[in-house]
Amino acid sequence: MYLNSLHNLPQVLGLQLKLISSTSLSLSAVAALLCISSTFVNTASALSLTIRNDVAGNSSSPILYGFMYEDINYSGDSGLYGQMLRNWNFQAGDTGGAADLSHWSLVKQNTGSATITLDTANPLNSINKNSLRLDVTTSSASSRVGFSNEGWWGLRVQPGESYTATFFAKATSGFTGPLTVSIESNSGTVLASASVSGLTGAYQKFTVTLKPSVTTTTITNKFVVSVASSGAVGKSVWFDVFSLFGKTYKDRENGIRSDIGNVLEAVQPSFFRFPGGNNLEGQSIPQRWQWNETVGPLEERKGRFGDWSYWNTNGQGLLDYVYMCEDMNMVPVLGVYAGYSLDTSSVPEANLGPYIQQVLDELEYLMGSTSTTYGSLRAKHGHPEPIDIPYIEIGNEDFFSTTYDYRYKAFYDAIKKVYPDKKFISTGPQTSRPYDLLDDHFYLTSKEMIALFNHYDNYARGGSDIFVGEFGTNSQGCCGASAANLDAALADAVFMTGLERNSDLVKMIAYAPLLNRDGQTQWNPDLVGFNTEIVWGTPSYYIQLLWSANRADTILQVDASNGGFGPLYWVVGSKESTKQIFVKMVNTGSSSQTIGINLKGASVHSQGVARVVSGGLEDTNSASSPNTVGIKESVFSLTSATGFNYTFAPYSATVLLLHRM
């Protein structure tokens, strides 16, 4: 049986907005989208809740909260991916055009003279066909020449941080060097430097460590390679595939930016859906994300023009995402290309064979033993142990397609034959083959999102489960042009509270998009903002953190008297291993609300902990004010072991943490 709950909801595919209609949606659900049901209207001052610890509750998914990621808002290179240099392998321009030397500049001092050019005649390999050539005309100990890279809107240098730089280089016969590799302020102050010698006529890889001695964090810096020697005069030096990394999360080589990693880790995510999202599909079939172009050492990776109008270097690839899952203890949810791209083109049924084989090769790379072709390649790349991929999502947002039935069937049959124990996620309506989870997406106004609080209450159990793979309140309407403010966050909180109430059915949920580079916004709101210097959570981030970090394993029955939902929305759960009870409450109203909370079948200690996100509806966090909205924690006293009153602040999301005796 197929029951699709999303087709009367606005959805986004790239920058194209469609409204899908379906007769499968009940009249009550349609009404919920148009207005908040009268059952949610209540004068909450007299409301009393009884938490029923004396009756069996519903199990809650242990992996309910996690992340969905795709490269949007310039969130990949220099964002999640910790590479600090821009245009580091000269494969293409920023917008996918012809390769150039953008973001690189000539450096010369005193009487030094040189040129830098993009050279197509001295490739590093068949993938990296362009190199930066430095031709030295004059140079001496006091007259250096070379080039610099400006980084991604600056280059951050922090106290106590070391930086590892790598590159490939070769030189014409007779070049004696040495090269100096340095990090310098834009005004020319050398912050750290190292020397490189031994260049020959063949490319070699060089690695240096740079340790600036600084007391403050700055971003007005650059990466420089130079030579100051008469032995370089009249010579040429070629360079390719640069990298510069500071400290990465968990100290992973080629890893993610440490501060972004720490902010994400704090949410305690349980799963990670990658590599998208729209960015999986490509603007066209040839531009799709292809796993084999993203693995191996950097010099073997081929970039692509991403779906959000800029070049993706693929410096962060398939195995890097797996390492992120391992380091944050997240279950991988792998999206695989299923023959449909954003220009609405579909691979004909008769031509699916090579695309299916590419997915099977990808799965063998991840899960195959070292005796298999691609499993041995994974081991060669540094991960000999097979990787468990329990969830495989076939495609992305295929409710926009009319060809999903034959495509899903073909991919499902081929994968199921080799991996019969995996769980399959369907991304749109199809009846050709079964699925374990349906991926629902929601980008709605605040009022619409709140109205979906009870959306899954009467959803049929016993069949397929639900994966809310993308959601985010867009207060101005779908899609991507709304403020990341507290109003949106509270609507998210109400929706999430409804999902948690139904977390026997709803197995995973993920806010989207995940990251946004300040000043390069293509979609707003997002969960986390960052620039070259700092990272900050949006109000919705703090809601995610609050709900995820206070997670129950059982959802308890709650009996309400003298009122119902609205403007208060709640879910209560317990965690048996810690004897904790979590009361999660959202107040969308402009007035504080005092209610009575009683416990039946449990007694709790005399003190509880309140964790609260609150403020004005228009409040936001930003680079200049990153902490306007956050979580405030306090201790409160209970008047009884089985009951107490609590006042919930206006415009707030609260977790009350109680401990059973």
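Parameters and conventions
- Residues numbered from 1 in each chain as written.
- Predicted model: local features only at pLDDT ≥ 70, side-chain atom pairs only at ≥ 80, totals over all residues.
- Heavy atoms only, no water.
- UniProt positions renumbered as here; feature names shortened; annotations may be inferred.
- Helix = DSSP H or I, 4+ residues; strand = E, 2+ residues; numbered from the N terminus.
- Disulfide = S-S within 2.5 Å.
- Buried < 20%, exposed > 50% of the residue type's maximum accessible area, 1.4 Å probe, protein only.
- Polar contact = N/O pair within 3.5 Å; in protein donor to acceptor, adjacent residues only side chain to side chain.
- Contact = heavy atoms within 4.5 Å.
- Phe/Tyr/Trp six-rings, centres within 6.5 Å; stacked < 30°, edge-to-face > 60°.
- Pairing = 2+ DSSP bridges.
- Axes fitted to C-alpha atoms, helices over the stretch in contact; angles between N-to-C directions.

The protein carries the name non-reducing end alpha-L-arabinofuranosidase in an unreviewed UniProt entry, which gives Phycomyces blakesleeanus as its organism. Database annotation for the protein, UniProt heading Sequence similarities (unreviewed entry): "Belongs to the glycosyl hydrolase 51 family." One UniProt comment on the protein, placed under Catalytic activity (unreviewed entry), says "Hydrolysis of terminal non-reducing alpha-L-arabinofuranoside residues in alpha-L-arabinosides."

Novice: Could you clarify how one ought to interpret the UniProt feature "domain: Alpha-L-arabinofuranosidase C-terminal" (unreviewed entry) in the protein in this entry?
Specialist: As annotated in UniProt, the feature "domain: Alpha-L-arabinofuranosidase C-terminal" (unreviewed entry) corresponds to residues 469–652 in the numbering used here. Between the C-alpha atoms that bound residues 469–652 there is a distance of 25 Å. The span itself is 15% helix and 39% strand.

Novice: In this structure, what is going on with the environment of Ala484? I would like to understand it.
Specialist: Assignment of secondary structure puts Ala484 in the loop between strand 23 (465–473) and helix 9 (486–501). Note: C-alpha distance between Ala484 and Gly353 (131 residues apart in sequence) is 43 Å.

Novice: Honestly, the state of the cysteines in this entry has me stumped. Any pointers?
Specialist: As used in these notes, a disulfide is a covalent bond between sulfur atoms, one from each of two cysteines. According to the stated counting rule, one finds one disulfide in the structure shown. A sulfur-sulfur separation of 1.2 Å characterises the disulfide bridge that pairs Cys478 with Cys479.

Novice: What exactly am I supposed to notice about the side chain of Ser652 here?
Specialist: Assignment of secondary structure puts Ser652 in strand 36 (residues 652–659). Overall, Ser652 belongs to the buried group, its relative accessible area being 1%. A distance of 2.5 Å separates a polar side-chain atom of Ser652 from the backbone oxygen of Ala649. Setting aside chain neighbours within four positions, we find Ser652 in contact with Leu490, Met585, Val586, Asn587, Val612, Val613 and Ser614.

Novice: Any chance you could explain the environment of Lys170 here in plain terms?
Specialist: For Lys170, the location among the structural elements is in strand 10 (residues 163–171). With a relative accessible area of 12%, Lys170 lands in the buried category. Through-space distance from the C-alpha of Lys170 to that of Arg133 is 9.7 Å; in sequence the pair is 37 residues apart. When sequence neighbours within four positions are dropped, the list of residues in contact with Lys170 reads Asn122, Leu199, Thr200, Gly201, Ala202, Tyr203, Ser236, Val237 and Trp238. Among the polar contacts made by the side chain of Lys170, one reaches the side chain of Asn122 at a distance of 3.0 Å.

Novice: Help me out: how do you make sense of the packing of aromatic side chains in this one?
Specialist: Given two aromatic rings, their pairing is described by the distance between the two centres and the angle made by the two planes. Taken as a whole and judged by the stated rule, the model has 41 aromatic pairs. Taken together, a centroid distance of 5.5 Å and an interplanar angle of 25° make the contact between Phe272 and Phe274 stacked. Considering the side-chain rings of Tyr541 and Tyr542, the 5.0 Å spacing of their centres and the 85° angle between planes classify their relative orientation as edge-to-face. Tyr542 carries the same exposure label as Tyr541, and that label is buried.

Novice: Looking at this structure, how should I read the sheet that holds strand 32 (residues 593–600)?
Specialist: The strands making up a sheet are joined through hydrogen bonds of the backbone, oriented either antiparallel or parallel. Read from one edge of the open sheet, four strands run 29-3-32-35, paired in mixed fashion. Where the open sheet ends on each side, the last strands, each with one partner, are strand 29 (557–561) and strand 35 (643–648). Between one strand axis and the next, the sheet turns by 25° as a mean value, whatever way the strands run. Judged from the six bridges that link them, strand 32 and strand 35 form a sheet pairing that is antiparallel. Bridge pairing in strand 35 places Gly596 opposite Asn645.

Novice: What should I look at first to understand the sheet that holds strand 22 (residues 437–444) in this one?
Specialist: Pairing within the closed barrel is parallel, and its eight strands lie in the order 5-16-19-20-21-22-23-24. Ignoring strand direction, the axes of neighbouring strands in this sheet form an average angle of 25°. Judged from the four bridges that link them, strand 20 (residues 391–394) and strand 21 (residues 423–426) form a sheet pairing that is parallel. Bridge assignment links Ile394 to a residue of strand 21, and that residue is Ser426. The sheet strands contacting helix 4 (residues 318–328) are strand 16 (271–274) and strand 19 (331–336), and the helix crosses strand 16 at an angle near 165°.

Novice: Hey, could you run me through unusual backbone geometry in this one?
Specialist: Glycine aside, residues mostly have negative phi, and peptide bonds are mostly found in the trans state. Cis geometry marks the peptide bond from Gly177 to Pro178, where omega comes out at 0°. With respect to the helices and strands, the residue Pro178 is situated in the loop between strand 10 and strand 11 (179–185). Even without being glycine, His103 reaches a positive phi, approximately 75°. Within the chain, Asp251 stands out as a residue other than glycine whose phi angle is a positive 60°. Its place among the elements puts Asp251 in the loop between strand 15 (236–245) and helix 2 (258–265).

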